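Summary of the model geometry
The lines below spell out each chain.
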Amino acid sequence: MTSHGSAPRDATFQYRWVADELRKEINSEARRPGERLPTQEELAARFNVSRATVNQALSLLRKEELIVTRQGSGSFVASEAGDSPRVPAPTARPEGDVWAVVSERVPPVLLRPYLVEAFEANVVRLDVFSMTTESLAARVVDQKDRIVAKEISPPRSITARLLLPNTESTALAIPRQVSDEDDPRVRARLGGILHSHVTMLRNALYELRRLKIVEDVDVQVRLVPFAPQMKLYILNNRVVLQGFYIPEEGTATLPDGEDVATYDAYGTGATLYPFRASADSTPEQAGVVRAARQFFDATWDNLATKATF
């Protein structure tokens, strides 16, 4: 998932950039559940956009159930329990070949609390399949700082396996020019973002080894010739967090300053859904975790190649 960076010059996509920035703040917990957002006038001034653009951005976040708007009170970060009404399960019996799949609503979650839990274990293992590791890198740095500050006991070992797209592959569906032309500059831009965040994550973990706080640290990176359609975190082989990358049209500013229209999955705030394999988890939850581990291992072993950076 690549980041917009500065505001796009094309006003058509400015509302998505505004939504992106607010989504990052919500998913990083800079804005807490139940917290009131600034007024539309304040947001318009902050982002140097019109109120209409802010209104479009807030509408997008409401559709994603990240915020709720209360008449006369403003917009608020959705509570962790969910402010949206639950959809009642259908009671009609399926007939013929028509089937209704009914499931409990799985609430969206934030990455940080689950990483906090993962790093408090004696053995830390992170298996991650993502576009750039942008969300993960910042949160891992936070956990490294907790360990260095002796806020938590250091784990005995930390292992990270990172699966990422090979930006030299012309088969990447995203990011890609809307014209469907393969532009190496677009892929190179993704490669730069990817490389910087992998470096941040790797440096944070190996610093723990350099300081002799955690002696057993191993970070491996492998590349696949396709872009992930889903962000996947497997934490300590017990917890799975997954969220979808939604392709959207936007603009990318290339290093030479040219703006090109692209299809991409923007931002660092993909909505995540949790599944846990534990003594009190349901068979369905444990089944998702088991299937995710099988998927990751098979992709790692059979389709990925070792990164050279």
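Residues numbered from 1 in each chain as written. Predicted model: local features only at pLDDT ≥ 70, side-chain atom pairs only at ≥ 80, totals over all residues. Heavy atoms only, no water.

With that out of the way, let us pick up unusual backbone geometry. Both trends apply: most residues other than glycine have a negative phi, and most peptide bonds are in trans. Here the amide bond leading from Ile 174 into Pro 175 is cis, since omega sits at -5 degrees, within 30 degrees of zero. Among the structural elements, Pro 175 can be located in the loop between β4 (157-165) and β5 (176-177). (Helix = DSSP H or I, 4+ residues; strand = E, 2+ residues; numbered from the N terminus.)

This paragraph deals with the nonpolar core. Ranked by size, the top nonpolar core spans 35 residues in total, and within it Phe 119, Leu 126, Val 140, Leu 162, Leu 205, Leu 235 and Leu 241 carry the most contacts. Listing elements by their share of this core, those giving two or more residues are α4 (111-119), β3 (123-129), α5 (134-148), β4, α6 (184-210), β6 (216-224), β7 (230-235) and β8 (239-244). With six residues, the top contributor of residues to this core is α6. Phe 119 has contacts with Val 124, Leu 126, Val 140, Gln 143, Ile 147, Ile 152, Pro 155, Ile 158 and Leu 205, leaving out every residue within four places of it along the chain. (Core = buried A, V, L, I, M, F, W, Y, C linked by side-chain atoms within 4.5 Å. Buried < 20%, exposed > 50% of the residue type's maximum accessible area, 1.4 Å probe, protein only. Contact = heavy atoms within 4.5 Å.)

Where helix α1 (residues 14-27) meets helix α2 (residues 40-47), the axes come as close as 11 Å, and the angle between the chain directions of the two elements is 105 degrees. By the criterion of interaxial angle, the relationship of α1 to α2 is roughly perpendicular. For the pair α1 and α2, the contacting residues are Trp 17, Val 18, Glu 21, Leu 22 and Glu 25 in the first and Leu 43, Arg 46 and Phe 47 in the second. Residues that form the contact of α1 with α2 fall into these classes: five nonpolar, no polar and three charged. (Axes fitted to C-alpha atoms, helices over the stretch in contact; angles between N-to-C directions. Parallel < 35°, antiparallel > 145°, perpendicular 65-115°, else oblique. Nonpolar A, V, L, I, M, F, W, Y, C, P; charged D, E, K, R; others polar.)

With that settled, consider the pattern of salt bridges. Using the criterion set out here, one finds 20 salt bridges in the structure. Its salt-bridge partner being Arg 161, residue Asp 297 comes within 2.7 Å of it at the nearest N-O pair. In this pair, Asp 297 is assigned in helix α7 (residues 283-302) and Arg 161 in strand β4, connecting sequence segments 136 residues apart. Judged by relative accessible area, Arg 161 falls into the buried class, the value being 10%. Residues participating in the shared-partner salt-bridge network are Glu 25, Arg 31, Glu 35 and Arg 46. (Salt bridge = Lys/Arg side-chain N within 4 Å of Asp/Glu carboxyl O.)

Before going further, it helps to spend a moment on the confidence of the model for the protein chain. Per-residue confidence for the protein chain gives a mean pLDDT of 84; residues scoring 70 or more make up 84%. Counting contacts from residues 81-104, a segment whose pLDDT is below 50, to residues more than four positions away or on other chains yields 13 contacts. (pLDDT = per-residue confidence, 0-100.)

A word on the environment of Gln 229. Structurally, the position occupied by Gln 229 is in the loop between β6 and β7. Spatially, the C-alpha atoms of Gln 229 and Pro 247 are 8.8 Å apart, while their sequence positions differ by 18 residues. Among residues more than four places away in sequence, those in contact with Gln 229 are Phe 244 and Tyr 245.

For α1, spanning 14 residues, the distance from its first C-alpha to its last is 20 Å, which sits close to the expected 20 Å at 1.5 Å a residue. In terms of burial, α1 is largely enclosed, as 14 of its 14 residues are buried. In the segment just after α1, Glu 29 is the residue with positive phi, at about 70 degrees. (Expected span 1.5 Å × (residues − 1).)

Let us look at the sheet that holds β5. Ordered by their spatial adjacency, three strands build an open sheet running β5-β10-β9, and the pairing between neighbours is antiparallel. Each edge of the sheet is formed by a strand with only one pairing partner; in this case those strands are β5 and β9 (248-253). One ladder, built from two bridges, connects β5 with strand β10 (residues 259-264); its direction is antiparallel. Considered in β10, the bridge of Gln 177 is made with Thr 262. Where α6 meets the sheet, it contacts β5, β9 and β10, and its direction lies at approximately 65 degrees from that of β10. (Pairing = 2+ DSSP bridges.)

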